[in-house]
Amino acid sequence: MDTKELNELITRYRAPLIGYLVTQFGISSQDAEDICQESLQRAYLAIDSYDPRYSFNTWLFSIARHATLDHFRRIASFASFKVDQLQETLVDEDAMEKVDSPEESLIQEQTYAQLYRVVRELPENYRTVAEMRIIQCYPYQEIAEATGLPLNTVRTRIARAKALIIERMK
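What you are looking at is a predicted structure, and each value in this text was computed from that prediction instead of being measured.

**Describing the overall build of the protein chain**
Check the secondary structure of the protein chain and you find eight helices and zero strands. When each of the 170 residues of the protein chain is scored for burial, the buried share is 39%. In the protein chain, once contacts between residues fewer than 6 apart in sequence are set aside, the share between residues at least 24 apart is 63%.

Written out as structure tokens, the structure reads:
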């Protein structure tokens, strides 16, 4: 990939990535800009690892999710969080509120970092599907295809993983 292709990548995906990061993770536009830049750089450097059998958007947005997790790990502290807020997020993953204040943003980032740690501690059969669904936001069908599990098994394991996560975070 040359400089022209890098500029095209930035021009085409910068705005959608920033919008995705702000909406999905409730982070500030400045943090989203930084993470977007890091994500595009990672994609540029790892372009040879892209598998054209899959959507380029999915690959790029997955890189952005991972960069966001790295961001949360860097800034997260071990402060307390609200389990009820987490439970609502796990029940309705698409209902992410926009965070207005820095305090709310920090609480949300800390909660997400704690969630990530708890998911990583789940038993293997739940951890894999929980990471793919809760952390990486893959659709159920893609998880089933990637793991070779039946769709209903994926749904059941994710539901059980969510119950374990809520229990462990209380």
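**Side note on the nonpolar core**
The biggest cluster of nonpolar side chains holds 36 residues, and the ones touching the most others in it are Leu21, Leu60 and Ile165. Those elements giving two or more residues to this core turn out to be helix H1 (3-25), helix H2 (29-45), helix H3 (56-75), helix H5 (102-120), helix H6 (124-135) and helix H8 (151-169). Top element by residues in this core is H3. It accounts for nine residues. Non-local contacts of Leu60, meaning those with residues more than four positions away in its chain, are made with Tyr13, Leu17, Ser39, Leu40 and Ala43. Counting seven residues, the second largest nonpolar core, distinct from the first, contains Met132, Tyr138, Ile143 and Val154.

**Regarding the pattern of salt bridges**
Between side chains of opposite charge, a pair can form when the charged atoms approach closely. Counting across every chain of the model gives five salt bridges. For Arg14, the salt bridge identified is with Glu33, shortest N-O distance 2.6 Å. Here Glu33 lies in helix H2 and Arg14 lies in helix H1, a separation of 19 residues in the sequence. What makes Arg14 partly exposed here is its relative accessible area of 36%. Judged by relative accessible area, which is 24%, Glu33 ranks as partly exposed. Across the pair Asp51 and Arg53 runs a salt bridge, and its minimum N-O distance is 2.6 Å. Note on Asp51: relative accessible area 23%, which makes it partly exposed.

**A few points about the packing of aromatic side chains**
Inspection of every chain in the model, using the stated rule, returns five aromatic pairs. Centroid distance Phe56 to Trp59: 5.5 Å. Interplanar angle 45°. Geometry classified as tilted. Here Phe56 and its partner Trp59 are both found in helix H3, three residues apart, which amounts to about one turn of the helix. The pair Phe56 / Trp59 is uniform in exposure class, with both members buried.

**Some details on the packing of H1 against H2**
The contact between H1 and H2 brings their axes to 9 Å, and the two run at 140°. By the criterion of interaxial angle, the relationship of H1 to H2 is oblique. The interaxial crossing formed by H1 with H2 has right-handed handedness. Contact with H1, carried on its side by Leu6, Leu9, Ile10, Tyr13, Arg14, Leu17, Ile18, Leu21 and Val22, involves Ser29, Ala32, Glu33, Ile35, Cys36, Ser39, Leu40 and Tyr44 of H2 and no other residues of that element. Its residues placed into classes, the contact of H1 with H2 shows 13 nonpolar, two polar and two charged.

**Considerations on the packing of H6 against H8**
At a minimum axis distance of 9 Å, the contact between H6 and H8 shows a crossing angle of 90°. The orientation of H6 with respect to H8, classified from their angle, is roughly perpendicular. Along the contact surface, H6 presents Asn125, Tyr126, Val129, Ala130, Arg133 and Ile134, while H8 presents Arg157, Ile158, Arg160, Ala161, Lys162, Leu164 and Ile165. Looking at the contact of H6 with H8 residue by residue, the classes come out as eight nonpolar, one polar and four charged.

Conventions adopted
- Residues numbered from 1 in each chain as written.
- Predicted model: local features only at pLDDT ≥ 70, side-chain atom pairs only at ≥ 80, totals over all residues.
- Heavy atoms only, no water.
- Helix = DSSP H or I, 4+ residues; strand = E, 2+ residues; numbered from the N terminus.
- Buried < 20%, exposed > 50% of the residue type's maximum accessible area, 1.4 Å probe, protein only.
- Contact = heavy atoms within 4.5 Å.
- Core = buried A, V, L, I, M, F, W, Y, C linked by side-chain atoms within 4.5 Å.
- Salt bridge = Lys/Arg side-chain N within 4 Å of Asp/Glu carboxyl O.
- Phe/Tyr/Trp six-rings, centres within 6.5 Å; stacked < 30°, edge-to-face > 60°.
- Axes fitted to C-alpha atoms, helices over the stretch in contact; angles between N-to-C directions.
- Parallel < 35°, antiparallel > 145°, perpendicular 65-115°, else oblique.
- Left-handed = near helix turned anticlockwise from the far one by under 90°.
- Nonpolar A, V, L, I, M, F, W, Y, C, P; charged D, E, K, R; others polar.

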